[in-house]
There are 2 protein chains.
Amino acid sequence: MTTTRQDLSELLERSGVRATPRRLEVLEELARESDDVTAQQLWSRLRERDSRAGLATVYRTLALLSEKGVIDVLSHHGGEQCYRLCGDAHHHHLLCEKCHRVVEIQECGLDDWVAAAANEHGFVATEHRVEIVGLCADCR
Amino acid sequence: MTTTRQDLSELLERSGVRATPRRLEVLEELARESDDVTAQQLWSRLRERDSRAGLATVYRTLALLSEKGVIDVLSHHGGEQCYRLCGDAHHHHLLCEKCHRVVEIQECGLDDWVAAAANEHGFVATEHRVEIVGLCADCR
DNA sequence: ATGGTAATGAGAACCGTTATCGTTCTCGGT
DNA sequence: ACCGAGAACGATAACGGTTCTCATTACCAT
């Protein structure tokens, strides 16, 4: 888990995003969250930490980071986007329908299945998303 | 493809939804669309056909139909929901990133993989969604 | 230091969706 | 056929999340 401010700063630069104080605050808060958060949640938590970051900046930063592939966007709450700092590699998500915990599934292993399913309908797959919803160990 | 008004009416009743003229109009328009549509698109197309259906009714009907499992909701356009009349059985979607065509993948065959991936993290899977994005035969 | 560009904050604007409310329709019982 | 209760409907206001605007501030190369 990258947590030091230095690590996060390097992560930004490496992704082609200038590491400004505000962006570091946002990323730091994302690193602190184990699950996904909405832009508004993130903003109010920053406020609680005496950050003067504006809501617009939070939205701008989240849009920028997701565009650069630094964070993931989940839209499982119809109408509201959730953001999460994940590993770099291709992965999928496991969601607990009760406590809303989010866990990454690292080993995809679905490429062949995806390619075959796409091919069957004349498609060439460029990406795929899988979301498994269920109950986590604590909730069942 | 169920297209006659009679078929659609029976589909509604079978799903526990009273078949009113407005609902039939909405469902009929959905049956006419090969791809997914937003509520607003659906509404304006109904208007073009001299339907006096209100926007609220379109939203109400779409919410009701998706709740009853008659139609699918896709939220791949972040912030805007798309609706589609699909087959009854469990299936996934193949999306063309260029022309936005949507094709159903009937044979899932992923249950074992899903169960295993969930189990590996202590989860019990209750449902899963797969979306493959790529280029269709016409667009590549 | 200085000028140009990028980033930021506050608040307005936007847009998709939902709620409100008065009217209309549907349907079973008569 | 008629009637009454409850469901459905249409118009429009309200809502909430997101994006835009614009004036101000921070950053960087010169």
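Data block above holds the structure.
Residues numbered from 1 in each chain as written. Chains lettered and ligands numbered in written order. Predicted model: local features only at pLDDT ≥ 70, side-chain atom pairs only at ≥ 80, totals over all residues. Heavy atoms only, no water.

Before going further, it helps to examine empty space enclosed by the protein. Under the counting rule described, the total for this entry stands at one cavity of 30 Å³ or more. Quantified by volume, the largest cavity comes out at close to 50 Å³. If you trace the largest cavity, you find it lined by Ser 75, Gly 78, Gly 79, Glu 80 and Gln 81 of chain A together with Ser 75, Gly 78, Gly 79, Glu 80 and Gln 81 of chain B. Among the elements of the structure, strand 3 (80-85) of chain A together with strand 3 (80-85) of chain B are those that each provide at least two residues to the lining of the largest cavity. Of the residues contributing to the lining of the largest cavity, the split by class is no nonpolar, eight polar and two charged. (1 Å grid on protein atoms, 1.4 Å probe; cavity = no way out; pocket = protein on both sides within 12 Å on 5 of 7 lines; lining within 4 Å. Points joined across faces, edges and corners; volume = space filled by probe spheres on them. Helix = DSSP H or I, 4+ residues; strand = E, 2+ residues; numbered from the N terminus. Nonpolar A, V, L, I, M, F, W, Y, C, P; charged D, E, K, R; others polar.)

The next thing to look at is the relation of the copies chain B and chain A. For the pair of chain copies, the relating transformation is a rotation about an axis with a translation along it. Its rotation angle being 179 degrees, the transformation that places chain B on chain A also includes 0.0 Å of axial translation and leaves an RMSD of 0.2 Å. In symmetry terms, the pair is related by a two-fold rotation axis. Residue by residue, 97% of the interface of chain B is reproduced at the interface of chain A, so both copies engage with the same surface. (Least-squares fit on C-alpha atoms with pLDDT ≥ 70 in both. Contact = heavy atoms within 4.5 Å.)

Residues and elements named next belong to chain A. Buried within helix 3 (residues 39-48) we find Ala 39, Leu 42 and Leu 46. Buried residues of helix 3 fall within an arc of 65 degrees about the axis and therefore sit on the same side. Contacts made by the buried residues of helix 3 are with helix 2 (21-32), strand 1 (37-38), helix 4 (55-67) and strand 3. Directly after helix 3, the chain includes Asp 50, whose backbone phi takes a positive value near 65 degrees. (Buried < 20%, exposed > 50% of the residue type's maximum accessible area, 1.4 Å probe, protein only. Arc of directions from axis to C-beta.)

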